[in-house]
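Okay, here's what each chain looks like letter by letter:
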Amino acid sequence: MALCCGTGFNPILESNSARNLSTRLIGSVPLRFTGQSSYVVRRRKQKGICCSSLKKAASASSSGSKEESALSVCLEEEELDHVIRFKMSDFKILDRVSIGLGGRADEVVFEAKVKDSGSPLYNTRVVLRQLSSAQAQRRGKRAIEVLKKLFRRKLLYHSYSMHVHGYISLPVNGGSNSFILVHGYHGSFSLRHWLQQSDWLPTLEATLALDEESVRKVGEDTTGGPAVSRQLRLIRILMRDLLIGVNYLHSHGLAHTELRLENLHISPVDRHIKVGILGNAADFYEDGSNNDSMDNMDRRQMMIAFDMRCVGFIMAKMVMRELMDPSIFAKFKLFLTKGYDPSCLRELMLEILGRSSPNGNAGLQILDRNWGAGWHLLSLLLANKPSQRISCLHALRHPFLCGPRWRVVPSMDIIRWGLGSTALRISEEYIYRQPQRSRLAHFIDLMEMLNPHPKPKNWLELLPGKWRLLYCTGRHVGLTLRQPPARVLIGDVHLTVTRESKMKASLSFISDVSFSVMIGQDWPHNKAGKTGRLQVNSSFMLRAGRRLYLKQDQTTEKKFFFGPFGSEEALAQKFTGKKWRKITPFKEFPSSLPAAKLTSSDIDVTMNLDDPLNRDIDMARNVLQELRTQIPPEMFDLSKVVCGTYVDSRMLVLRGVNGSALLFTRSFVDKNKSS
């Protein structure tokens, strides 16, 4: 694809105000390139010219400035002697430039073909990138310099790097040189342009020529299928290719530092992702030595972490293409800038994207697959602390990037993540029949047994924040089969926990219930009503405790209890079975597990109703009674919350005095402020 422009341009004119237009050049003015015959030489003659120039500079009775200029020219040529020095007569300039090759403001891009029959690149399409400013020329020379490190493994270099063939250095008016970088042509589009096409999925599949052999490389055994499955398969192929290319750079002591969709190209020849020109590639070690000093190790970790964060942004945009909208991506990036945990990104994106399509968002479906493995990988790539970000090699072994044919042994962290994600997805279905209720209770039990943070100090760090209630294993009462005096529709139920003092284990709990009161007989069809809000405040002391699992007679009704009572025989059978035995942190089913004991003080209840309901005391009394009927009793009377049994960065499980479990997910969304 090309854009049209009626301006011919000479790439070696002294004007430095030129811009990369990504254009099709039209007009009768021919392209002229001057000043090349006596200055340009081949790579095989460079050393001889350097020596002769030094001899002439030494024997001549010229000034010191001429000697310095001759020496600088020689040193520059020695730095670039591992690539080809071309001359303009070697190329036939084409009349168009692909839109995917767009450069910076100080770059002008041309496409050309090598017409020198003696060149190994004869009849090959290449890209001429004229670098006008001093900074741009430094980028071009840096791209050539890093080839010394990368070219030792030619196979990986040709597969995953933008091929830099050489350069053209021409004198222009004013005494400065015009530096033109000659690199490979790898398709018309960058990856960003591919994803912006309306038919990007079938077009990319055709470009990559996906067949059974290619899908086997990502653990798949089929082609085609639903659009979501095809998109997931394509993302696996592209992400694995990208990670291999980035790991290739990291293994050679280089960080890319400019990984963006605009810098990635897919070659239709070898069907690999090219990681772009390495003009800003940075060395892990400043002094060039590969020692293991603390400063070098910190610098290396920071550079790798920066690249992995960029890979995370690329993955997010590939899966959720709506993020290529600058306004939506700004919200996404602001979430991370504020220091929120990336493990909670689903709560944010569900609010932004979940309601955009009546059938659900394809990107959210992809990330939700395989027990939410995609969200887990994304959270590791975008982790706030550089030390917590995943490496390329570990990312390549992640279940999200491995198809069903590959047997991946999940870590305990992934197992916990999968349990929480599955429980969250079941709770969002709002179909609470007995099979769903049993599964949810079972997953909550498993999460409690695998709690990664049992100590009170861990709870004091992770518990503060805003949590949204997902599910309660206790009694569920709705509106369908009843005739209540006030018809109340419950909205979101939040629990906000704040730490009152860093020196004490005292916490403040605020239960916040939003609801609407439906007036009239048409409430099954019209859910609009008068809004209201119920708020319950209480203070808690957190201490170490134990949750006991004691066997009871089979005739005894099985319930959950905190303290000296509790029947968990079914759960014990699950954990001693063959499936769970390998992952449990204990050999035998324990009689007790550590828990966070919560001791409450007095509670304070406040309810607000919109006008005119706030004037009717009887109506307010009926609404309050209906709220007590529908919401879990622990959310109305916080003193009934007696312990916490599971907590991590995104999930929370609290137990009530009657043994019921309350499942929460961390929430950052303020619907009053979100757009």
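Preceding block: the structure.
Residues numbered from 1 in each chain as written. Predicted model: local features only at pLDDT ≥ 70, side-chain atom pairs only at ≥ 80, totals over all residues. Heavy atoms only, no water.

Caption draft 1: Inspection of the sheet that holds strand β19 (residues 651-656) at higher detail. Within the closed barrel, the eight strands sit side by side as β13-β14-β15-β16-β17-β18-β19-β20. Their pairing is antiparallel. Strand-to-strand twist in this sheet, taken as the mean axis angle between neighbours without regard to direction, amounts to 35°. Pairing analysis gives four bridges linking strand β13 (residues 465-472) to strand β14 (residues 487-499), with the strands arranged antiparallel. By the bridge assignment, Gly465 is partnered in β14 with Val497. (Pairing = 2+ DSSP bridges. Helix = DSSP H or I, 4+ residues; strand = E, 2+ residues; numbered from the N terminus. Axes fitted to C-alpha atoms, helices over the stretch in contact; angles between N-to-C directions.)

Caption draft 2: Main features of the packing of helix α7 (residues 200-208) against helix α9 (residues 227-250). In contact at an axis separation of 11 Å, α7 and α9 are set at 50° when each is read in the N-to-C sense. As the angle between them shows, α7 and α9 are arranged oblique. Judged by the twist between their axes, the crossing of α7 over α9 is left-handed. Across the interface between the two elements, Trp200, Leu201, Pro202, Leu204, Glu205 and Leu208 from α7 touch Ala227, Arg230, Gln231, Leu234, Ile237 and Leu238 from α9. Partitioning the contact of α7 with α9 into residue classes produces nine nonpolar, one polar and two charged. (Parallel < 35°, antiparallel > 145°, perpendicular 65-115°, else oblique. Left-handed = near helix turned anticlockwise from the far one by under 90°. Contact = heavy atoms within 4.5 Å. Nonpolar A, V, L, I, M, F, W, Y, C, P; charged D, E, K, R; others polar.)

Caption draft 3: Examining the nonpolar core more closely. Residues Met320, Phe332 and Phe400 are the most contacted members of the largest nonpolar core, which totals 87 residues. Broken down by element, this core gets its largest block of residues, twelve residues, from α9. Sequence-distant contacts of Met320, defined by excluding residues within four places in its chain, comprise Met349, Leu353, Gly363, Leu364, Leu367, Trp375 and Leu378. In this structure, Val493, Val497, Leu609 and Leu613 belong to the second largest nonpolar core, which totals 37 residues. (Core = buried A, V, L, I, M, F, W, Y, C linked by side-chain atoms within 4.5 Å. Buried < 20%, exposed > 50% of the residue type's maximum accessible area, 1.4 Å probe, protein only.)

Caption draft 4: View of the sheet that holds strand β8 (residues 177-184). Here six strands make up an open sheet; going across it, the order is β3-β7-β8-β6-β5-β4 and the pairing mixed. Edge positions in the open sheet fall to β3 (84-85) and β4 (91-93), since each of these has one partner strand only. On the sheet, helix α3 (residues 134-145) packs against β5 (107-114), β6 (125-131), β7 (164-171) and β8 and is oriented at approximately 45° with respect to β8.

Caption draft 5: Summary view of the packing of α9 against helix α13 (residues 362-381). Orientation of α9 relative to α13, taken along the N-to-C sense of each, is 70°, at an axis distance of 10 Å. Taken as axis vectors, α9 and α13 run roughly perpendicular relative to one another. Contacts from Val228, Ser229, Gln231, Leu232, Ile235 and Arg236 in α9 reach Ala362, Gln365, Ile366, Arg369 and Asn370 in α13. Broken down by class, the residue content of the contact of α9 with α13 amounts to five nonpolar, four polar and two charged.

Caption draft 6: Quick peek at the environment of Val605. Residue position: Val605 is located in strand β17 (residues 592-609). It is 6.6 Å that separates the C-alpha atoms of Val605 and Asn537, two residues lying 68 residues apart in sequence. If we ignore the near neighbours within four places in the chain, the residues touching Val605 are Leu534, Gln535, Val536 and Phe636.

Caption draft 7: Structural context of the side chain of Arg389. Inspection of the secondary structure assignment puts Arg389 in the loop between α13 and α14 (392-396). Look at Arg389: it is buried, it has no salt bridge, and the nearest opposite charge is Asp307 at 9.2 Å. In this structure the side chain of Arg389 is engaged in a polar contact, spanning 2.9 Å, whose partner is the backbone oxygen of Ala305. Here Ala383 takes part through its backbone oxygen, which lies 2.7 Å from a polar atom of the side chain of Arg389. Filtering out sequence-adjacent residues up to four positions away, Arg389 remains in contact with Ala305, Phe306, Arg309, Leu380, Leu381, Leu382, Ala383 and Asn384. (Lys, Arg positive; Asp, Glu negative; His and termini not counted. Salt bridge = Lys/Arg side-chain N within 4 Å of Asp/Glu carboxyl O. Polar contact = N/O pair within 3.5 Å; in protein donor to acceptor, adjacent residues only side chain to side chain.)

Everything listed here is a matter of geometry and, on its own, says nothing about what the molecule does.
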